[in-house]
Amino acid sequence: MAGPGSHRPPACQPRSGGPAVTGDTAPDFADRTDFEDADRGLVAGPANAKITADDGRVVWDFEATAFLQEDCPDTADPSLWRQSQLCARAGLYEVTEGVYQIRGFDLSNMTLIEGERGVVVVDPLVSQECAAEGLALYRAHRGERPVTAVLFTHSHIDHFGGTLGVMGPDDDIPIVAPEGFMEHSVAENVYAGTAMLRRGVYHTGGELEPGPRGLIGVGLGFTASQGLPSLLPPTLQITRTGQEERLDGVLFRFQLTPDTEAPSELNFHLPERRALCMAENATHNLHNILTLRGALVRDARIWSRYLTEAIGLFAADSDVLFASHHWPTWDTERLTTFLSEQRDLYGYLHDQTLRLLNQGHTGTEIAEMIELPPRLAGAWHTRGYYGSVSHNVKAIYQRYMGWYDGHPSSLWEHPPTASARRYVDCMGGLGSVLTKARAYVDEGDLRFAAQLLKHATFAAPEDSRAKELLAETFERLGHGSECGTWRNNYLSAADELRNGVKPVAIATGSMATALSVEQVFDSLAIRVNGPKAWNHSLTALWRFTDLDQTYRTSLHNGVLVHHPVTAGSAEGTDLTLTLTRPQLMGMLAGRGLDGIDHTGDPNVLATLMSVLDEPDPGFAIVTP
């Protein structure tokens with residue numbers, strides 16, 4: 001069965017009168033190499049039109065991309081439309097003998113490497129449902145092979161969220177990840193998870209209607225699935241470049257690449273199959289130095305150097321390069337060129353940003369000054385579908401120089417609403433601002449119109465005229481964006497201005513069960529409402545019988561401090577608890593002290609819980 005999503009849309013052609021591919025040397029739309037590579041090795045398309053959760057909710061719809069079979073409309077950049085057509089391919093693909101990929105079942109790819117007894121699963125997508133469906137498709141065509149190991153290439157949820165879709169929580173198989181994986185996956189998905197989730201809705205276009213006027217993709221793939229995420233802690237850490245491990249009889253040779261696309265990341269080579277996995281360090285687009293949903297600023301310099309290292313370590317011994325997004329590149333010479341151009345892309349942005357900041361230019365100024373060399377601008381895989389030259393340059397500036405641009409007026413600016421009211425007053429009131437903004441829109445200066453209208457909506461958030469004009473401006477900016485994440489941000493903002501903030505569901509799945517005790521206490525500490533807790537002083541001792549660990553927590557000066565201690569006297573503590581880690585999770589879920597041995601004042605726990613704030617996943621972004 002070919003299945004939904006196995007359509008082969010034609011390449012999008014450039015058009016006149018609309019936004020076009022930018023750069024001194026535009027890539028050639030007649031070049032079909034990417035389409036040939038994206039179609040190569042297809043074994044079968046999806047077996048079903050939709051992937052659903054246990055409750056019947058649709059978490060992935062293969063038919064949602066059918067519109068991409070059509071010619072490029074006036075509401076999309078031709079280059080981004082072309083990229084979205086490529087990312088719409090869905091099914092089971094053979095990369096090389098014994099290496100398969102599930103593509104188009106989620107934002108990311110899941111790779112399946114056949115071993116002596118079963119199959120090693122690499123990067124099991126965002127959600128359990130999609131990973132399970134992908135594994136079922138593989139087994140339908142390659143046999144009922146058991147999963148013998150799971151490997152996470154890095155600490156982003158689209159590369160581990162589907163773990164429990166391919167294995168059980170108690171399966172005794174290796175779970176392999178780079179050093180620091182748990183620390184960074186928790187920091188991103190738990191500590192700052194609510195804010196990143198809210199901004200991630202804009203980033204992925206999660207609330208946009210798929211179609212020519214709405215969601216057409218995110219550059220890396222179509223969007224993220226809406227199923228349950230999961231996480232199990234690694235049992236085998238990769239701690240150095242050159243480390244070798246045999247998983248189900250297959251030799252893996254690893255390269256550690258921290259602070260590239262993720263703080264904890266690795267590439268790996270399969271020397272016996274002459275296949276190289278570049279994780280998310282070399283994909284068919286310019287990636288992010290700082291993703292728009294929020295993240296730690298990445299190191300473009302070291303990213304470039306790790307790509308040089310990968311060429312030296314692996315390129316000559318590889319016949320195919322594959323990654324955790326997009327389609328593979330075959331042939332030693334082609335994949336070496338691909339890696340070299342990706343290396344030069346990040347190196348050029350880094351070095352030129354530093355050159356110009358050392359001449360006194362700010363990040364915003366440098367973002368307008370930098371153009372890619374013609375050879376890089378003319379390569380499809382360097383286009384800014386997910387990252388962009390503009391916001392990556394600003395991120396590199398931020399990594400070295402911080403938020404302050406050096407001008408003292410920037411030190412103590414009013415916050416947005418207070419500034420907006422003053423700007424609107426200086427310009428003669430809201431009516432005058434709207435008149436001027438309309439003139440800029442009509443002249444095609446959408447960038448400055450958006451700046452003016454931001455002030456208008458923050459000064460008078462109840463004024464429907466300001467919101468509608470800003471929505472119109474954002475919509476036009478989105479429809480002209482080559483960068484998928486820019487498009488999604490603009491169009492999501494337009495929708496929110498017109499229809500208000502939509503509730504964001506936080507589907508944590510089994511993520512919380514993977515947290516260490518230290519990470520659980522960290523997640524409580526960042527929820528303490530400082531002013532509410534100022535006058536409280538309390539100390540608790542936590543004895544975990546299943547972990548043979550003891551922790552002391554204290555709340556003083558609005559800060560929850562925690563640290564491990566040697567088991568001993570509870571002297572000086574207000575409350576002592578003897579419990580297991582699952583009981584801790586149950587207590588925090590609202591079950592109280594039922595079944596937990598304790599001495600001292602149980603009101604200590606109630607006091608602590610009373611000063612914790614609940615995160616707000618529905619905060620406004622384009623209005624105050």
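Predicted model, so just to flag it, every value in this text is computed and none were measured. (Residues numbered from 1 in each chain as written. Predicted model: local features only at pLDDT ≥ 70, side-chain atom pairs only at ≥ 80, totals over all residues. Heavy atoms only, no water.)

(A) How the structure looks around the overall build of the protein chain. Assigned secondary structure in the protein chain consists of 19 helices and 21 strands. Relative to a compact globule of 624 residues, whose C-alpha radius of gyration would be 25 Å, the protein chain shows 26 Å and is just as compact. Classification of the 624 residues of the protein chain by burial places 55% in the buried group. Sequence separation of at least 24 residues holds for 70% of the intrachain contacts in the protein chain that already meet a minimum separation of 6. By element, 50% of the accessible surface of the protein chain is carried by carbon and sulfur atoms, the whole surface being about 25800 Å². Looking at the protein chain, you have 50 positive and 79 negative side-chain charges, and the mean spots of the two groups are 3 Å apart. (Helix = DSSP H or I, 4+ residues; strand = E, 2+ residues; numbered from the N terminus. Rg over C-alpha atoms; globule rule 2.2 N^0.38 Å. Buried < 20%, exposed > 50% of the residue type's maximum accessible area, 1.4 Å probe, protein only. Contact = heavy atoms within 4.5 Å. Areas by Shrake-Rupley, 256 points an atom, 1.4 Å probe, with all protein chains shown as cover. Lys, Arg positive; Asp, Glu negative; His and termini not counted. Charge placed at Lys NZ, Arg CZ, Asp CG, Glu CD.)

(B) Spatial organisation of the sheet that holds strand 6 (residues 110-114). Taken together, 8 strands build an open sheet; the order of strands is 1-4-5-6-7-8-9-10 and the sheet is mixed. Each edge of the sheet is formed by a strand with only one pairing partner; in this case those strands are strand 1 (42-44) and strand 10 (236-238). The average angle at which neighbouring strand axes cross in this sheet is 25°, direction not considered. Sheet analysis places strand 5 (residues 99-103) next to strand 6, joined by 4 bridges and oriented antiparallel. Following the sheet pairing, V99 is matched in strand 6 by I113. Seen against the sheet, helix 3 (residues 128-142) touches strand 1, strand 4 (91-96), strand 5, strand 6, strand 7 (119-122) and strand 8 (147-151) and runs at an angle of roughly 35° to strand 6. (Pairing = 2+ DSSP bridges. Axes fitted to C-alpha atoms, helices over the stretch in contact; angles between N-to-C directions.)

(C) Structural context of the pairing of strand 9 (residues 175-178). Here strand 9 shows a buried face lined by I175 and A177 and a second buried face lined by V176 and P178. Across 3 bridges, the pairing between strand 9 and strand 10 is parallel. Bridged to V176 within strand 10 is L236.

(D) Expanded view of the nonpolar core. V166, W542 and L577 are the most contacted members of the largest nonpolar core, which totals 78 residues. Among the elements that take part in this core, helix 3 stands out by supplying 5 residues, more than any other. Residues contacting W542, with those up to four places away along its chain left out, are F521, Q549, T550, Y551, T553, L577, L579, L584 and M587. Counting 35 residues, the second-largest nonpolar core is a separate cluster that includes W303, L321, L345 and L349. (Core = buried A, V, L, I, M, F, W, Y, C linked by side-chain atoms within 4.5 Å.)

(E) Broad picture of the packing of aromatic side chains. This model, assessed by the stated rule, comprises 19 aromatic pairs. Consider the rings of Y100 and Y138, whose centres lie 6.0 Å apart with planes at 65°: the pair is edge-to-face. Within this pair, whereas Y100 is found in strand 5, its partner Y138 is found in helix 3, the two being separated by 38 residues in sequence. Each member of the pair Y100 and Y138 is classed as buried. Of the aromatic side chains, those joined through ring pairs into one cluster are F252, F254, F268 and F322. One residue, R32, lies across the ring of F35, its end atom 4.4 Å from the ring centre. R82 extends its terminal NZ or CZ atom over the ring of W380, reaching a point 3.7 Å from the ring centre. (Phe/Tyr/Trp six-rings, centres within 6.5 Å; stacked < 30°, edge-to-face > 60°. Lys NZ or Arg CZ within 6 Å of the ring centre and 35° of its normal.)

(F) View of the pairing of strand 17 (residues 538-544). The element strand 17 is extensively covered by neighbouring structure, given that 6 of its 7 residues are classed as buried. Sheet topology note: the strand 17/strand 18 (residues 549-556) ladder contains 7 bridges and is antiparallel. In the strand pairing of strand 18, L541 is matched with R552. Between strand 17 and the antiparallel strand that follows it, strand 18, lie 4 residues; D548 among them carries a positive phi value of about 55°.

(G) Structural detail: the sheet that holds strand 17. Pairing is mixed across the open sheet formed by 5 strands, whose spatial order is 19-18-17-20-21. Every other strand in the sheet has two partners, leaving strand 19 (559-565) and strand 21 (597-600) as the edge strands with one partner each. Here the strands of the sheet are splayed against their neighbours by 15° on average, with no regard to which way each runs. The pairing of strand 18 with strand 19 spans 7 bridges and is antiparallel. Residue pairing in the sheet places L555 in a bridge with L560 of strand 19. Running over the sheet, helix 16 (residues 517-525) touches strand 17, strand 18 and strand 19 and is turned about 170° from strand 19.

(H) Spotlight on helix 16. Residues of helix 16 that are buried include every one of V517, Q519, V520, F521, S523 and L524, and no others. On the buried face of helix 16, the contacting elements are helix 4 (181-191), strand 17, strand 18, strand 19 and helix 18 (581-591).

(I) A look at unusual backbone geometry. One non-glycine residue with positive phi stands out, namely L125, at about 60°. By secondary structure assignment, the location of L125 is in the loop between strand 7 and helix 3. With phi around 70°, D259 is a residue other than glycine that occupies positive phi space. By the secondary structure assignment, D259 is in the loop between strand 12 (250-256) and strand 13 (266-270). Taking the relative accessible area as the measure of exposure, D259 reaches 39% and is therefore partly exposed.

Functional significance is not addressed by these values, which are geometric in nature.
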